[in-house]
Amino acid sequence: MRKSNDSNVNWKVVRFVGIDLGNARSKFCALGRDGKVVARGTFPTEPQAFENLIPLPCRVAIEVGTHSPWISRVLEAAGHELYIANPRKVRLIFASGRKSDRLDAENLARLVRVDPSLLHPIRHRSEGAQADLAVIKARQALVELRTKLINTVRGLCKSQGSKLPACSSPSFPNKVREHVPEVLRPAIQPLLDQLTELTRRIREYDDAVDKLANEKYPETSRLTQVNGVGMLTALAFVLTLDDKQRFRRSRQVGAWLGLTRKIDESGESEKRLGITKQGNEYMRQLLVNCAHYILGPFGTDCELRRFGLRIAESGGPHAKKRAVTAVARKLAVLLHKLWVSGEEYIPLGYAAERWGKDAA
């Protein structure tokens, strides 16, 4: 198999390149203007290898993945026209009956040659935003670990016929310590100590989030004007979108985050389906949590709350769930509109024309 630096490859005739990324090694397929395969090869998944892979500017396609953020920066710096494919929307790759790294690389090259929009290309956030978002992801990992440990402790105590009192996650170790059965204390005491340490670390991340937002992303203060939206959600929203101008209309943000319904129309029939759940799962989860707060007992009176309550009161077995989803989608649109416009948020009574159709 030819390597990328093989002297027999005539790179002058190469116009399109597909690269299937691997953890240790990646495969490429290079096509000429007429669509014929000019070269195939395997090379290490390392920065220097990508810098030297293609000597002349070409149209290049890769799949989104763990390595794709830094690889995209290397290829774009080399002057290539880069497209990052979403494999879950490209059935030729995701649902192919004949799937291999070699064929995936060729399919990417052929799709980017015919029509790059067939790849449903995505765009990675900037390197700085990616590094700052790592703080939020690290915090999320600790929160999930704390939840798993709390569930483990409760489950172990239930097996001994002891039901621990309800309490918040941060206060859990201190509140339940005396309720743990004597026979289980040697096993559970270390878990409670670990939960205390996890809560301390999470608070440190909370401080880091506040510092990041205040010092590097002052626009988050516009988003936290909305009751129920905290600094974590505001910063995650800004970092996830990365560029407020990436959407022509604010209402596109809801669809981008997977908060709009799937469509299945055939003739005169239309099935009622759930939301698409595409895009960033954690950002969607944060918006849903905000929606629960807005509609809950501590939510203040505002247009968002009234909008959701009207849906919840419409009846039906899933009315509350539909209300939460609708408020989360509308909240995403509103946050983007506040970010773009820089205007003050008015919870009640603002004119529809002030915000335009996006907030209607």
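Residues numbered from 1 in each chain as written. Predicted model: local features only at pLDDT ≥ 70, side-chain atom pairs only at ≥ 80, totals over all residues. Heavy atoms only, no water.

## Quick look at the environment of N10
Basically, it comes down to this: Only DSSP runs of H or I reaching four residues or more are called helices, and only runs of E reaching two or more are called strands; each is numbered from the N terminus.
Relative to the assigned elements, N10 resides in the segment before β1 (14-20). With 28 residues separating them in the primary sequence, N10 and V38 have C-alpha atoms 7.6 Å apart.

## What to know about the state of the cysteines
To keep things clear, this is the line we draw: By definition, disulfides here are pairs of cysteine sulfur atoms that lie within 2.5 Å. Residue burial is assigned from relative accessible area. The probe radius is 1.4 Å, only protein chains are included, and a residue is buried under 20% of its type maximum, exposed over 50%, and partly exposed in between.
In total, this model carries 0 disulfides according to the counting rule given. This cysteine, C157, is not joined by any disulfide, and C167 carries the nearest cysteine sulfur, 12 Å off. The exposure class assigned to C157 is buried, which follows from its relative accessible area of 0%.

## Things to note about the side chain of T233
What counts is decided by this rule: Pairs of residues are marked as contacts when any of their non-hydrogen atoms sit within 4.5 Å.
Mapped onto the fold, T233 is located in helix α9 (residues 231-241). The buried category is assigned to T233, whose relative accessible area is 6%. Each residue touching T233, except ones within four places of it in the same chain, is listed here: M283, L286 and C290.

## Digging into the packing of aromatic side chains
Spelled out, the test is: Each pair of aromatic rings taken from Phe, Tyr and Trp, with Trp reduced to its six-membered ring, is defined by centres within 6.5 Å and is described as stacked if the planes are under 30 degrees apart, edge-to-face if over 60, and tilted in the remaining cases. Ring-over charges, as used throughout, are those where CZ of Arg or NZ of Lys falls within 6 Å of the ring centre and within 35 degrees of the ring normal.
As enumerated under the stated definition, the model contains 6 aromatic pairs in all. Between the aromatic rings of F247 and W256, the centroid separation amounts to 5.3 Å while the plane-to-plane angle is 70°, which identifies the pairing as edge-to-face. On the accessibility criterion, W256 (26% relative accessible area) is partly exposed. In textbook terms, an aromatic cluster arises when at least three aromatic residues are bridged by ring pairs, as seen for W11, F28, F43, F50 and W70. Directly above the ring of F307 sits K330, whose terminal nitrogen or CZ lies 4.7 Å from the centroid.

## Details of the nonpolar core
Operational definition: What we call a nonpolar core is a set of buried Ala, Val, Leu, Ile, Met, Phe, Trp, Tyr and Cys residues that are connected through their side-chain atoms within 4.5 Å.
Formed by 46 residues in total, the largest nonpolar core has its most connected members in I136, V226, F237, L287 and L331. In terms of residue count, helix α13 (residues 319-341) provides more of this core than any other element does, 11 residues in total. Dropping the residues within four chain positions of it, F237 is found in contact with L223, V253, L257, M283, A332, L335, H336 and W339. Core analysis: the next-biggest nonpolar cluster, separate from the first, contains 22 residues, V14, V17, V60 and I71 among them.

## Re the sheet that holds strand β5 (residues 81-85)
What counts, and what does not: At least two bridges found by DSSP between two strands is the condition for calling them paired. Angles run from 0 to 180 degrees between N-to-C directions of axes, and those axes are lines fitted to C-alpha atoms, restricted for helices to the stretch in contact.
Strand order in the open sheet formed by 5 strands is β3-β2-β1-β4-β5, and the pairing between neighbours is mixed. Each end of this open sheet is capped by a strand with a single partner; those strands are β3 (37-44) and β5. Between one strand and the next, the sheet's axes are offset by a mean angle of 20°, whatever the strand orientation. Relative to strand β2 (residues 25-32), β1 is paired through 6 bridges, and the arrangement is antiparallel. Along β2, the bridge assignment pairs I19 with F28. This element, helix α2 (residues 68-77), spans β1, β4 (59-63) and β5 of the sheet and lies at about 175° to β4.

## Things to note about the environment of A255
Topologically, A255 is positioned in helix α10 (residues 252-256). Taking the C-alpha atoms as reference, A255 lies 26 Å from E81; in sequence the two are 174 residues apart. When near neighbours in sequence (up to four residues on either side) are disregarded, A255 contacts T260, T276 and Q278.

## Some words on helix α7 (residues 185-216)
The cut-off we apply is this: Take the number of residues in a helix, subtract one, and multiply by 1.5 Å to get its expected span.
If you check α7, its first and last C-alpha atoms are 46 Å apart, about what 32 residues at 1.5 Å a residue would give, namely 46 Å. Those residues of α7 that sit buried are I188, L192, L195, L198, T199, I202, V209, L212 and A213.

## Some details on the packing of α9 against α13
Note the threshold: With respect to orientation, any angle under 35 degrees is reported as roughly parallel, any angle over 145 as roughly antiparallel, any angle of 65 to 115 as roughly perpendicular, and every other angle as oblique. The nonpolar class holds Ala, Val, Leu, Ile, Met, Phe, Trp, Tyr, Cys and Pro. Asp, Glu, Lys and Arg form the charged class, and all remaining residues, Gly among them, are polar.
Where α9 contacts α13, the axes come no closer than 11 Å and their chain directions differ by 80°. Between α9 and α13, the angle is such that the two are roughly perpendicular. Together, F237, V238 and L241 of α9 and A332, L335, H336 and W339 of α13 make up the contact between the two elements. Of the residues contributing to the contact of α9 with α13, the split by class is 6 nonpolar, 1 polar and no charged.

## Considering α13
Taking 1.5 Å per residue as the helical rise, α13 with its 23 residues ought to reach 33 Å, and the 32 Å between its terminal C-alpha atoms agrees with that figure. Looking one or two residues beyond α13, the residue adopting positive phi is G342, at roughly 70°.

## Some thoughts on the confidence of the model for the protein
To be explicit about the condition: Every residue is assigned a pLDDT by the predictor, reflecting its confidence on a scale from 0 to 100.
Across the protein, the average pLDDT comes to 89, with 90% of residues at or above 70. Confidence drops under pLDDT 50 across residues 1-6; counting only partners more than four residues distant or on other chains, this segment forms 16 contacts. Within the model, pLDDT remains below 50 along residues 355-360, and this stretch shows 15 contacts once partners closer than five positions in the same chain are excluded.

## As for unusual backbone geometry
A positive phi angle is found at D242, which is not glycine, with a value near 70°. Tracing the chain through its elements places D242 in the loop between α9 and α10. According to the relative accessible area criterion, D242 is partly exposed, its value standing at 27%.

## What about the side chain of E106?
Along the chain, E106 falls in helix α4 (residues 101-114). When its relative accessible area of 14% is taken as the criterion, E106 is described as buried. Leave out the neighbours within four places in its chain, and E106 touches C29, V37 and R40.

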